[in-house]
Amino acid sequence: MSWLRPLGSTGIQVSALGLGTVKLGRNQGLRYATGFTLPDDASATHLLDRARALGINLLDTAPAYGSSEERLGQLLAGQRQHWVICSKVGEEFEQGQSRFDFSPQHTRASVLRSLRRLRTDVLDIVLVHSDGDDLQIIERMGTLEALAQLKAEGLLRAYGMSTKTVAGGLAAASVCDVVMLTYNLQQREELPVLERCYQLRRGVLVKKALGSGQLPVDTGLALVLAQPGTSAAVVGTIDPAHLQADVEAARRVLDS
Ligand SMILES: NC(=O)c1ccc[n+]([C@@H]2O[C@H](COP(=O)([O-])OP(=O)(O)OC[C@H]3O[C@@H](n4cnc5c(N)ncnc54)[C@H](OP(=O)(O)O)[C@@H]3O)[C@@H](O)[C@H]2O)c1
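### Focus: the overall build of the protein
Here comes step 1: Each helix and strand in the protein was counted, giving 10 helices and 12 strands.
Here comes step 2: A compact globule built from 256 residues should have a C-alpha radius of gyration of about 18 Å, and the protein, at 17 Å, falls within 12% of that.
Here comes step 3: The principal-axis extents of the C-alpha atoms in the protein amount to approximately 40 × 40 × 35 Å.
Here comes step 4: The burial tally for the protein puts 54% of its 256 residues in the buried class.
Here comes step 5: In the protein, 74% of the contacts between residues at least 6 apart in sequence involve partners at least 24 apart.
Here comes step 6: Working note: accessible area of the protein is about 10,900 Å², and carbon and sulfur atoms make up 48% of it.

### A look at the packing of helix α5 (residues 134–141) against helix α7 (residues 166–175)
Here comes step 1: In contact at an axis separation of 8 Å, α5 and α7 are set at 35° when each is read in the N-to-C sense. Where α5 approaches α7, its residues Asp-134, Leu-135 and Ile-138 are matched on the opposing element by Ala-167, Gly-168, Gly-169, Ala-171, Ala-172 and Val-175.
Here comes step 2: Of the residues contributing to the contact of α5 with α7, the split by class is 6 nonpolar, 2 polar and 1 charged.

### Here we look at the sheet that holds strand β9 (residues 156–162)
Here comes step 1: Taken in spatial order, the 8 strands close into a barrel running β3-β4-β5-β8-β9-β10-β11-β12, and their pairing is parallel. Direction aside, the axes of adjacent strands within the sheet are offset by 30° on average.
Here comes step 2: Relative to strand β10 (residues 178–182), β9 runs parallel, the two sharing 3 bridges. Residue Ser-162 lies in a different strand from β10, and its bridge partner there is Met-180.
Here comes step 3: The sheet contacts of helix α6 (residues 143–152) involve β5 (84–89), β8 (123–129) and β9, and relative to β9 the element is tilted by about 165°.

### Description of the site of the ligand
Here comes step 1: Close to the ligand lie 28 residues; Tyr-32, Asp-60, Ser-162, Thr-237 and His-242 are nearest.
Here comes step 2: A distance of 2.4 Å separates an oxygen atom of the ligand from a polar atom in the side chain of Asp-60.
Here comes step 3: Between the ligand and the protein, one listed contact pairs an oxygen atom with a backbone N or O atom of Gly-211 at 3.3 Å.
Here comes step 4: In the complex, 85% of the free accessible area of the ligand, which totals 890 Å², lies under the protein chains.
Here comes step 5: When residues of the shell around the ligand are traced back to their parent elements, those giving at least two are α1 (22–25), β12 (232–236) and α10 (240–255).
Here comes step 6: Of the residues assigned to the shell around the ligand, the class counts are 11 nonpolar, 10 polar and 7 charged.

Here is what the cut-offs are and how they apply
- Residues numbered from 1 in each chain as written.
- Predicted model: local features only at pLDDT ≥ 70, side-chain atom pairs only at ≥ 80, totals over all residues.
- Heavy atoms only, no water.
- Helix = DSSP H or I, 4+ residues; strand = E, 2+ residues; numbered from the N terminus.
- Rg over C-alpha atoms; globule rule 2.2 N^0.38 Å.
- Buried < 20%, exposed > 50% of the residue type's maximum accessible area, 1.4 Å probe, protein only.
- Contact = heavy atoms within 4.5 Å.
- Areas by Shrake-Rupley, 256 points an atom, 1.4 Å probe, with all protein chains shown as cover.
- Axes fitted to C-alpha atoms, helices over the stretch in contact; angles between N-to-C directions.
- Nonpolar A, V, L, I, M, F, W, Y, C, P; charged D, E, K, R; others polar.
- Pairing = 2+ DSSP bridges.
- Near = heavy atom within 4 Å.
- Polar contact = N/O pair within 3.5 Å; in protein donor to acceptor, adjacent residues only side chain to side chain.

Just distances and angles here, no functional claims.
Here's what the structure looks like:
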């Protein structure tokens, strides 16, 4: 299996491991076992340089990840073309609290703000950041239609949804370019969504492949990357040594 893989039928190629950047911008209200300090600019630059040197081209961020988008925009100045950037719409994180707005108006304003923060003319992927009520969002909110319009205007290349339910994932697979879902050694319920995406040639980004740090790296990544249909596992780390270990484990799986 190759390291660079098609993101469904979008025409975008992503590395088998992507870097999740929530820990670059937010350290409140997260479900990690231990707390952490946000890395300073030198450490964040070093992490991004290591990611690129290790062959990672995919970065996952979101407005709900605190200062993540803004920091990436600043730290990646001059190297935009080397990265596939995935951001989100729908969740805002302010004063330690999440709130959700899936309206078409907010969706457009959020994408325009992400473009400014990330200092780019086009976002590669934009996902709806679900609050858990996936079907309600897909069927009633007009969020995906707003993203389709932004894609038609050339402001993003692919869109989809980060879902939290099997029914929502299946519904998203039928209307989106990309689905982000949870799949790991302890949470396999969303496998039918992954399989449906494979049948329909949708891109699949797997979140929490390591169970937010609770699962073994080798077997955790083997499960996710060996599954036909997985485009990339998005791993969240701010430790360059962990990132290297994750990439080495992923490459072992792909070479075996
Ligand atoms: N759309 C959504 O609703 C949503 C929800 C959750 C996550 N995500 C995305 O998915 C990404 C990953 O999710 P996640 O961070 O919850 O889960 P994860 O990737 O399963 O686990 C990340 C945790 O594992 C640790 N880790 C990584 N590699 C390690 C290694 N080699 N050895 C020991 N520990 C290691 C990291 O700590 P260190 O920093 O110490 O390495 C971090 O705390 C996020 O960054 C985000 O981009 C999206």
